[in-house]
Amino acid sequence: MSVSSSYKLQTTVRALRSRYGEISWWPGDCDEVMIGAILTQQARWEQVTRALAVLRSRGLCSIAALSSAHIRDIEDAVRCTGFFRIKAKRLQSLAAHVVNTYGSVAAMEHVPTAVLRADLLSVNGIGEETADSILCYGFSRTSFVIDAYTEKILRCTGIHEPRWSLKALLESALPCDNQEYRKTHAYIVEYAKEFCIKKRCDTCILVNLSG
DNA sequence: GACCAGGTCCTTG
DNA sequence: CAAGGACATGGT
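What comes next is a walk through the structure.

Calculation criteria
- Residues numbered from 1 in each chain as written.
- Chains lettered and ligands numbered in written order.
- Predicted model: local features only at pLDDT ≥ 70, side-chain atom pairs only at ≥ 80, totals over all residues.
- Heavy atoms only, no water.
- Phe/Tyr/Trp six-rings, centres within 6.5 Å; stacked < 30°, edge-to-face > 60°.
- Helix = DSSP H or I, 4+ residues; strand = E, 2+ residues; numbered from the N terminus.
- Buried < 20%, exposed > 50% of the residue type's maximum accessible area, 1.4 Å probe, protein only.
- Axes fitted to C-alpha atoms, helices over the stretch in contact; angles between N-to-C directions.
- Parallel < 35°, antiparallel > 145°, perpendicular 65-115°, else oblique.
- Left-handed = near helix turned anticlockwise from the far one by under 90°.
- Contact = heavy atoms within 4.5 Å.
- Nonpolar A, V, L, I, M, F, W, Y, C, P; charged D, E, K, R; others polar.
- Near = heavy atom within 4 Å.
- Polar contact = N/O pair within 3.5 Å; in protein donor to acceptor, adjacent residues only side chain to side chain.

Some words on the packing of aromatic side chains
For the coordinates displayed, the defined rule picks out six aromatic pairs. Between Tyr 20 and Tyr 187, the aromatic rings sit 6.0 Å apart at their centres with planes inclined by 20°, giving stacked as the arrangement. Residue Tyr 20 is located in helix 1 (residues 3-20), and its partner Tyr 187 is located in helix 11 (residues 178-194); the two are separated by 167 residues in the primary sequence. The exposure classification of Tyr 20 matches that of Tyr 187, with both residues buried.

Some words on the environment of Thr 11
Tracing the sequence through the fold places Thr 11 in helix 1. On a C-alpha basis, the gap between Thr 11 and Gln 41 in space is 29 Å, while along the polypeptide they are 30 residues apart.

Describing the packing of helix 5 (residues 71-78) against helix 6 (residues 84-101)
Taken N-terminus to C-terminus, the directions of helix 5 and helix 6 make an angle of 125°; their axes are 8 Å apart at the nearest point. Of the possible angle classes, the one that applies to helix 5 and helix 6 is oblique. In this structure, the crossing between helix 5 and helix 6 has a hand that is right-handed. In contact with Ile 71, Ile 74, Glu 75 and Val 78 of helix 5, helix 6 contributes Phe 84, Arg 85, Ala 88, Lys 89, Leu 91 and Gln 92. Class assignment of the residues belonging to the contact of helix 5 with helix 6 gives a composition of six nonpolar, one polar and three charged.

Some points on the protein's contact with DNA strand C
What surrounds DNA strand C is the set Arg 44, Gln 47, Arg 50, Arg 79, Cys 80, Gly 82, Phe 83, Phe 84, Arg 85 and Ile 86. In the interface set of DNA strand C, defined as its atoms within 4 Å of the protein, sugar plus phosphate atoms amount to 58%. At 3.0 Å from a base nitrogen of DNA strand C is found a side-chain nitrogen or oxygen belonging to Arg 44. Between DNA strand C and the protein, one listed contact pairs a sugar or linking oxygen with a side-chain N or O atom of Gln 47 at 3.0 Å. If you list the elements that add at least two residues to the surface near DNA strand C, you get helix 3 (45-57) and helix 6. Looking at the surface near DNA strand C, the element that brings in the most residues is helix 6, giving three residues. Partitioned by chemical class, the residues of the surface near DNA strand C number four nonpolar, two polar and four charged.

The structure is reproduced here in structure tokens:
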């Protein structure tokens, strides 16, 4: 990664921080974060909230419950998030993996971040973003979440690093602190929502932040 | 009706 | 290894 990318990133993060300040994001216990991380794949957060409420009301909003639930019941509960059959399958894969490998979510707390990350990635349906969301927002680790918005917005500020290197770039730019990681990723998504970033965004609107 | 949402996996060229 | 398609509901 280049020195100029680092510098641009520092400027961008400062601008976002001064715009949004303290924001809290993705509350809920670790089980809920893990479930939400899968449900939010290619879905709006409002729908995820609805699905989580349905799961809670049916006693299915925990890894333990999901691991022993009928797949049809899970499908029915998460229908509103789209891709409901594949997401139900992914939820059960994750739940089964946690129960079989660790016994419980609590038992995962002492696993080193790098090990836990690799382990999560081995579960079918959990990719980089989902794994990092779980690590950062569920287990309070310093693992930065890179999503489509991050790549898009940083490109708008002149940072043309490939997606795979953005994670390292962000992690070297930020203080090694979970709260900083949470907030910065949240800033990016809030900014994206606020300015309705579309797939074909090619104009740099972020410059307005520093001006 | 068209387009898209805080991705991931599998198949092709 | 990059590109393209599949997965699916609900909001604008």
